[in-house]
Amino acid sequence: MLKPIATIRSDFPEKFGIPRQSGIVRSLTARIVFAPEYRNRDALRGLEGFSHLWLIWEFSKARRDSWSPTVRPPRLGGNTRMGVFATRSPFRPNPLGLSCVRLEQIDCDTPEGPVITVSGADLLDGTPIYDIKPYLPYCDAHPDATGGFASGGFDHRLTVTVPEALLSLVPAEKREALIGVLQADPRPTYQNDPARIYGMGFAGLNVQFRVDGDRLTVTDITPKTNRL
């Protein structure tokens, strides 16, 4: 029986805005905090020698009692059905995700036991982690691999404009990551209304923006409040 070994602490309190794949926004950082029974520094012995890690985790907001053999990938505009096993959709027979992240730091002396800091993560805050494995370049990297219908397009970036008065409300160490997330275009690919205002939770803030063509403009940033 699978059970979580840890949870991730990220800047994303909701799904909207999370990068579509790990590594797209390298300046995003997150912390892996272990469950009490796994807070043993011996379990991390030797991990510091690796630059990247594989995280195996659960799409905890996509649990269902049934499954569909086909899904509508956002990469295809959400209008074309493809086989679930040809996609990385969260709606799967077993809602398991796989992310490759960069290992930034291991701190074994925190009140929560050993904590791993990673960058490039694409996980919702509180996501259960089932396993951590080292990335091995000699067998995990395949430069000649093909990407099927998901090939291309991820080098496209929006031009982001954030008024200085609004940017100053974002902690300095979070600004590069926020701009990176916005450059990657958080919207579903089928939404192109230039008058629409979008809202995204990030690092305790609510970030509002609109997109006209290839230009994204932040219209407001306010502290995010929890509704009872």
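These numbers come from a predicted model, not from an experiment.

### Things to note about the overall build of the protein chain
Now for step 1: Counting its secondary structure elements, the protein chain contains three helices and twelve strands.
Now for step 2: Its C-alpha radius of gyration of 18 Å places the protein chain within 12% of the 17 Å reference for a compact globule of 228 residues.
Now for step 3: In terms of its C-alpha atoms, the protein chain occupies a principal-axis envelope of roughly 55 × 45 × 40 Å.
Now for step 4: For the protein chain, the exposed surface amounts to about 13,400 Å²; the carbon and sulfur share of it is 51%.

### Examining empty space enclosed by the protein
Now for step 1: On inspection of all chains with the given rule, the structure shows one cavity of 30 Å³ or more.
Now for step 2: By volume, the largest cavity is sized at about 50 Å³.
Now for step 3: Ser 10, Asp 11, Phe 12, Leu 28, Thr 29, Ala 30, Ala 121, Asp 122 and Leu 123 together form the lining of the largest cavity.

### Things to note about the sheet that holds strand 2 (residues 29–34)
Now for step 1: Overall, antiparallel pairing links the six strands, which are arranged 1-2-7-6-3-8 in a closed barrel. Each adjacent strand pair in this sheet contributes to an overall mean axis angle of 45 degrees, direction not counted.
Now for step 2: Two strands pair when backbone bridges link them, and strand 3 (residues 52–58) and strand 8 (residues 128–134) are joined in this way by five bridges, in the antiparallel orientation. Counterpart to Trp 57 in the pairing with strand 8 is Ile 129.

### Points about helix 3 (residues 172–183)
Now for step 1: Counted at 1.5 Å a residue, the expected span for helix 3 with its twelve residues is 16 Å, and the 18 Å between its end C-alpha atoms agrees.
Now for step 2: Along its buried surface, helix 3 packs onto strand 2, strand 9 (159–161), strand 10 (198–202), strand 11 (205–212) and strand 12 (215–223).
Now for step 3: With its phi angle positive at about 65 degrees, Asp 185 sits one or two positions after the end of helix 3.

### Looking at the pattern of salt bridges
Now for step 1: Under the defined criterion, the tally for this structure stands at ten salt bridges.
Now for step 2: Here Glu 37 makes a salt bridge to Lys 3, at a shortest N to O gap of 3.3 Å. Here Lys 3 lies in the segment before strand 1 (6–9) and Glu 37 lies in the loop between strand 2 and strand 3, a separation of 34 residues in the sequence.
Now for step 3: For Lys 3, a relative accessible area of 43% puts it in the partly exposed group.
Now for step 4: Close ionic contact of Asp 42 with Arg 45 constitutes a salt bridge, the shortest N to O distance being 2.8 Å.

### Notes on the packing of aromatic side chains
Now for step 1: Tallied over the full model, the rule gives seven aromatic pairs.
Now for step 2: Where Phe 12 meets Phe 202, the ring centres are 5.6 Å apart and the plane angle is 65 degrees; that geometry is what we call edge-to-face. Residue Phe 12 is found in the loop between strand 1 and strand 2, and its partner Phe 202 is found in strand 10; the two are separated by 190 residues along the sequence. When sorted by exposure, Phe 12 lands in the same class as Phe 202, which is buried.
Now for step 3: Members of the aromatic cluster, each reached through a chain of ring pairs, are Phe 16, Tyr 198 and Phe 209.

### Concerning the pairing of strand 1
Now for step 1: Burial of the side chains of strand 1 is restricted to one face: Ala 6 and Ile 8 are buried, whereas none of Thr 7 and Arg 9 on the reverse face is.
Now for step 2: Bridge count between strand 1 and strand 2: four bridges; the pairing is antiparallel. Across the sheet, residue Thr 7 finds its bridge partner in strand 2, namely Val 33.
Now for step 3: Pairing of strand 1 with strand 8, which is carried by two bridges, proceeds in the antiparallel orientation. Across the sheet, residue Ala 6 finds its bridge partner in strand 8, namely Ile 129.

### Some details on the environment of Leu 98
Now for step 1: Along the chain, the position of Leu 98 falls in strand 6 (residues 96–107).
Now for step 2: With sequence-adjacent residues up to four places away left out, Leu 98 is seen in contact with Trp 54, Leu 55, Ile 56 and Trp 57.

### Overview of the pairing of strand 10
Now for step 1: Across the five residues of strand 10, four count as buried, placing the element largely inside the fold.
Now for step 2: Pairing analysis gives five bridges linking strand 10 to strand 11, with the strands arranged antiparallel. Looking at strand 11, one finds that Gly 199 is bridged to Gln 208.
Now for step 3: Hairpin connection of strand 10 to strand 11: two residues between the antiparallel strands, including Ala 203 at a positive phi of 50 degrees.

The rules we used
- For every chain, the first residue of the written sequence is number 1, and numbering continues from 1 onward in sequence order.
- Owing to the predicted nature of the model, reporting of local features is limited to residues with pLDDT of at least 70; listing and counting of side-chain atom pairs is limited to 80 or more, with chain, interface and lining totals taken over all residues.
- The basis for every side-chain value is the complete set of heavy atoms in the structure, and neither hydrogens nor water enter the calculation.
- A run of DSSP states H or I qualifies as a helix once it reaches four residues; a run of E qualifies as a strand once it reaches two. Both are numbered from the N-terminal end.
- Radius of gyration here is computed from C-alpha atoms only, and the compact-globule reference equals 2.2 Å multiplied by the residue count raised to the power 0.38.
- To be clear on the numbers: accessible area is Shrake-Rupley with a 1.4 Å probe, and residue cover counts the displayed protein chains and nothing else.
- Here a cavity is any set of points on a 1 Å grid over the protein atoms alone where a 1.4 Å probe fits but cannot get out, and a pocket is any open set with protein on both sides within 12 Å along at least 5 of 7 lines; a residue lines the site when it has an atom within 4 Å of a point.
- Grid points are joined across faces, edges and corners, and a volume is the space filled by probe spheres set on the points.
- What makes two strands pair is DSSP finding at least two bridges between them.
- Orientation is described by axes fitted as lines to C-alpha atoms, over the contacting stretch for helices, and by angles from 0 to 180 degrees between their N-to-C directions.
- Here a helix's expected span is defined as the number of its residues, less one, multiplied by 1.5 Å.
- A contact between two residues is defined here by any heavy atoms of the two lying within 4.5 Å.
- Each reported salt bridge corresponds to a side-chain nitrogen of Lys or Arg within 4 Å of a carboxyl oxygen of Asp or Glu.
- Any residue under 20% of the maximum accessible area for its type is buried, any over 50% is exposed, and the rest in between are partly exposed; the area is computed with a 1.4 Å probe on protein chains only.
- Classification of ring pairs uses Phe, Tyr and Trp, with its six-membered ring standing for Trp, and accepts pairs whose centres are within 6.5 Å; under 30 degrees between planes counts as stacked, over 60 as edge-to-face, and the remaining range as tilted.

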